[in-house]
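Structural overview for review
The primary structure of each chain is shown beneath.
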Number of protein chains: 2
Amino acid sequence: MTEKNVTLESTIQALVQAKRYTTLRDILVTMNPADVAALFGELEVNALPLLFRLLPKELAAETFVEMETDAQELLLHGFSDSELKDVVDELYVDDAVDLVEEMPANVVKRILRQADPEKRRMINEILRYPDDSAGSIMTTEFVDFPPNLTVEDAEKRIRRTGFNKETINTCYVTEPGGRLIGAVSIRTLLLAELDDPIERIMEPNVISVMTTEDQESVAQMFSKYDFTAMPVVDGENRLVGIVTVDDVLDVLQDEATEDIEKMAAITPSDKPYMKMSVFGIWLARVPWLLLLMISATFTGLIINHFENALSACVTLTAYIPMLMGTGGNSGSQASVAVIRGLSLGEVEFSDLFRVVWKEFRVALLCGLTLSVCNFGKLMLFDKVGLSVALTVCLTLAVVVLAAKMIGSMLPLLGQKLGFDPAVMASPFITTIVDALALLIYFQIAVHLLPI
Amino acid sequence: MTEKNVTLESTIQALVQAKRYTTLRDILVTMNPADVAALFGELEVNALPLLFRLLPKELAAETFVEMETDAQELLLHGFSDSELKDVVDELYVDDAVDLVEEMPANVVKRILRQADPEKRRMINEILRYPDDSAGSIMTTEFVDFPPNLTVEDAEKRIRRTGFNKETINTCYVTEPGGRLIGAVSIRTLLLAELDDPIERIMEPNVISVMTTEDQESVAQMFSKYDFTAMPVVDGENRLVGIVTVDDVLDVLQDEATEDIEKMAAITPSDKPYMKMSVFGIWLARVPWLLLLMISATFTGLIINHFENALSACVTLTAYIPMLMGTGGNSGSQASVAVIRGLSLGEVEFSDLFRVVWKEFRVALLCGLTLSVCNFGKLMLFDKVGLSVALTVCLTLAVVVLAAKMIGSMLPLLGQKLGFDPAVMASPFITTIVDALALLIYFQIAVHLLPI
């Protein structure tokens, strides 16, 4: 894919320089908007306005939606009012909303001025919904019928509206007040008798979401029910919009990326990694590093406190990294498993005891395995004394047990208290387990060794 | 959602005991198959065969698909041959393939015996494709037309085939030899003149994938192009199946879960966490813990090696956890950012130098910030000597730099060499950085301190 674009890119560059505009247009119209946008992203910015003007209206609008924010802004600045109007007219409402959310205020004003009043009203309505809610990702372009419409009239109405193919696969049936009472797929319409009323062929049990529903749980419902679109209703069950599966794909990707970033102690960002500035990356990472560095000093305090014990038996120091490392890894295995389960809706707070009981048994098995292996290694290779070996292995088993208990409980408790469970992942678990591992180590050492 | 099912569950239980089968049936037919399956999952297993027999054929098959593997197996064992045939007849080919892949051999034999020859052929064909390939997630149920068919005949043909609504939104146009030459959406069909040939209204630039394409890159294409279905072709560009967006949602979720598990040093599993046995979890985790434990002993060896330096200046020991911790966190921030970028197709091996240069500058900024803060803390709170403070802070800056370099390079190099980059995440980075942090620490200490 990329290879192909690279060659294409140089061809396009050459054609631009040779001013072969007809040829350029012929090439571009065969391409998918996402590919045109990717190609434009590789070209020099000063060629963009010219190339963009070569595109037919619909392809231009669809390409515009797929472009990076900075290229969009550059194009918008160069647009005349009528060119801007052409693009805005072709944009679907949800894409227009995304654009408005990303552009600076003066550009937003120009966009809204060019949008026709109906579209402006729709954009403003969606902007009202909180970020990450079903309302904020829905589109208000859908087809709805009254229940007594005939199939023939319904088909006529679809021909008239001419929304895009994706929002039309399912049409909805609403009562006069706007309440959602049914859904009908375009295929059912196509197979029905022309004089049937919609009422008779509609599916009356429609699963819908509220405008305020979190986008992540909307995405879970799509993957549970295998939907390609889902109606969004207000508090009175009135149909206000639909969420389409293409936006859900993005939500799933974004939510997974967010969880992964939080688990690695990075403040999540909407921008792709390669597009982020060095300063932006620093800002997303350094607060967590500072926080974790400060927490790690507690571990240092514990070592200070047991300085005498350590000088009495310096061999003990050599096993600190192994004990802390294994504890941290054991803890993050448990916490990550639970956090992902929470994200996927497979684990809930009410499962707390089942989760802890499960992790308890896993921890006993893991602790035992690791201790036995380590005991062999200590006696055969390191040739330490029996009491040191026992101290290290007993600590190992206890640390693994404690780490898995903490790792499995913290995300669940955190979520219950209203924190994001993903933040409870590896780095924090590791810091807590590090300190705990040392305390356990020294307590066991003081009892088993002559120090 | 869950709350509602819990109440419903007790109602259903009561109705089962009261043998109110008509009422039960009336309730179940109003529900979505996914909800019926979730409800069945909560009920006692001995009530399942009875309840399942209450469902109408189509709902029964759709519910069956959504159920957990163990419940499916239990039901299959109780089925008579004709009941089994009813379910298998209603299954879509891709769902039948999923079932066949999860059931034990004797059950598979019974299933294939009940499938009609055409479906059996389709199932076997899909089973031939490697795991995680486009071929393995496609369905062979699609509608294709010759280019010279009229719109009227095309609509008739759709009515005749009666595949499900999802696979019918886009139909494909193939030459006599089976080569894919176009696509036509059902909406275009609906809007076209009845005597137009398909050729005239089809979209000739169809984006397709090969059967051997990795499912993750298929998913990336869906999210790039906003498709709801995508044609799958063989080496000669002959149409052999389609991938639908509902399967892509599952692929995205599974791939993200897999990455997250690998990053936490867990062998990925297809089963949800709550369904895994304690032994299964142990098996997925303990090999990594063992491997990491053994690697951590190198860190121990380094400490042993510098035992004398440590006894000369025991204060140094107190800062080991902070240095190792901060190094590990810095490294995993970089590696996780790069790994996620690779998964999303935002970063490629050819970006290596841009990535490293970016991380180099981020590391300088982060290292500087952390060192300055830490220096203040060491001088003001810990009241250590200037040379100890300098040793610790200089080490900190160098460790952060090294960690981010290694963290950003390893996943890229790993992928180039054919390893899974996600395995290069936190735990391995941490282990490497731990050892490195100590080496740097002692080298700097030996030069700056009188030891």
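See the structure shown above.
For the structure given in this document, a descriptive report is provided here. (Residues numbered from 1 in each chain as written. Chains lettered and ligands numbered in written order. Predicted model: local features only at pLDDT ≥ 70, side-chain atom pairs only at ≥ 80, totals over all residues. Heavy atoms only, no water.)

As for its placement among the helices and strands, Q114 of chain A is situated in helix α9 (residues 105-114). Sequence-distant contacts of Q114 of chain A, defined by excluding residues within four places in its chain, comprise D81, L84, K85 and D89 of chain A. (Helix = DSSP H or I, 4+ residues; strand = E, 2+ residues; numbered from the N terminus. Contact = heavy atoms within 4.5 Å.)

What follows concerns helix α16 (residues 245-263) of chain A. Over its 19 residues, α16 of chain A extends 27 Å from the first C-alpha to the last, a length consistent with the 27 Å expected when each residue adds 1.5 Å. One or two residues past the end of α16 of chain A sits A265 of chain A, with phi positive at roughly 60°. (Expected span 1.5 Å × (residues − 1).)

Moving on, we come to the nonpolar core. Within the largest apolar cluster, 130 residues are counted, with the highest numbers of intra-cluster contacts made by F40, L51 and F52 of chain A together with F40, L51 and F52 of chain B. Beyond its immediate chain neighbours, meaning those up to four positions away, L51 of chain A contacts I12, V16, L24, L28, F40 and L43 of chain A. Counting residues in each nonpolar core, the second largest holds 115 residues, with A296 and V399 of chain A together with I429 and Y441 of chain B among its members. (Core = buried A, V, L, I, M, F, W, Y, C linked by side-chain atoms within 4.5 Å. Buried < 20%, exposed > 50% of the residue type's maximum accessible area, 1.4 Å probe, protein only.)

Our next topic: the relation of the copies chain B and chain A. With an RMSD of 0.1 Å, the fit of chain B onto chain A corresponds to turning through 180° and sliding 0.1 Å along the axis. What the superposition gives is, in effect, a two-fold axis relating one chain to the other. (Least-squares fit on C-alpha atoms with pLDDT ≥ 70 in both.)

Here we take up the interface of chain B and chain A. Counting residues at the interface gives 106 residues for chain B, matched by 105 residues for chain A. Summed over both sides, the interface of chain B with chain A buries roughly 9,800 Å², with 67% coming from carbon and sulfur. Across the contact surface, chain B and chain A share 4 salt bridges. Remark: the boundary between chain B and chain A carries 27 residue pairs in polar contact (both at pLDDT 80 or more). With 16 residues, helix α17 (residues 278-305) of chain B is the single largest residue contributor to the side of chain B that touches chain A. When the residues that make up the side of chain B that touches chain A are grouped by side-chain class, the tally is 58 nonpolar, 24 polar and 24 charged. (Buried area = accessible area lost by both parts, 1.4 Å probe. Salt bridge = Lys/Arg side-chain N within 4 Å of Asp/Glu carboxyl O. Polar contact = N/O pair within 3.5 Å; in protein donor to acceptor, adjacent residues only side chain to side chain. Nonpolar A, V, L, I, M, F, W, Y, C, P; charged D, E, K, R; others polar.)

What follows covers the pairing of strand β3 (residues 180-185) of chain B. Residues and elements named next belong to chain B. Counting buried residues along β3, 5 of its 6 residues qualify, which places the element largely inside the surrounding structure. Here 5 bridges tie strand β2 (residues 170-174) to β3, and the two strands are oriented antiparallel to one another. Its bridge partner being in β3, V173 is matched across the sheet by G182. Linkage of β2 to β3, two consecutive antiparallel strands, is achieved through a turn of 5 residues, within which G178 is found at a positive phi near 100°. (Pairing = 2+ DSSP bridges.)

With that out of the way, let us pick up the pattern of salt bridges. For the structure on display, the rule yields 28 salt bridges over all chains. R285 of chain A is the salt-bridge partner of E359 of chain B, the closest N and O atoms lying 2.8 Å from each other. One end of the pair, E359 of chain B, is in helix α21 (residues 352-382); the other, R285 of chain A, is in helix α17 (residues 278-305), on a second chain. Each of the two residues, E359 of chain B as well as R285 of chain A, counts as buried. Where D234 of chain B meets R238 of chain B, a salt bridge forms, and the shortest distance between an N and an O atom there is 3.0 Å. For D234 of chain B, a relative accessible area of 16% corresponds to the buried category. Connected via shared salt-bridge partners are D234, E236 and R238 of chain A.

Residues and elements named next belong to chain A. At K19, a position not held by glycine, the phi torsion is positive, near 55°. Even without being glycine, N237 reaches a positive phi, approximately 65°. Its relative accessible area of 26% is what places N237 among the partly exposed residues.

A separate point is the sheet that holds strand β5 (residues 229-233) of chain B. Residue and element names in this part refer to chain B. Spatially, the 3 strands line up as an open sheet ordered β4-β5-β6, and their pairing is mixed. Among the strands making up the open sheet, the edge pair consists of β4 (209-210) and β6 (239-244). Of the pairings in the sheet, the one linking β5 to β6 comprises 5 bridges and is antiparallel in character. What sits directly across from V233, in β6, is L239.

A few words on the packing of α16 of chain A against helix α15 (residues 215-225) of chain B. At their nearest, the axes of α16 of chain A and α15 of chain B sit 8 Å apart, and the two run at 120° to each other. If you check the angle between α16 of chain A and α15 of chain B, you find them oblique. Crossing of α16 of chain A over α15 of chain B shows left-handed handedness. Across from L249, D250 and Q253 of chain A in α16 of chain A, the residues of α15 of chain B making contact are Q220, F222 and S223 of chain B. Of the residues that constitute the contact of α16 of chain A with α15 of chain B, the class distribution is 2 nonpolar, 3 polar and 1 charged. (Axes fitted to C-alpha atoms, helices over the stretch in contact; angles between N-to-C directions. Parallel < 35°, antiparallel > 145°, perpendicular 65-115°, else oblique. Left-handed = near helix turned anticlockwise from the far one by under 90°.)

Everything listed here is a matter of geometry and, on its own, says nothing about what the molecule does.
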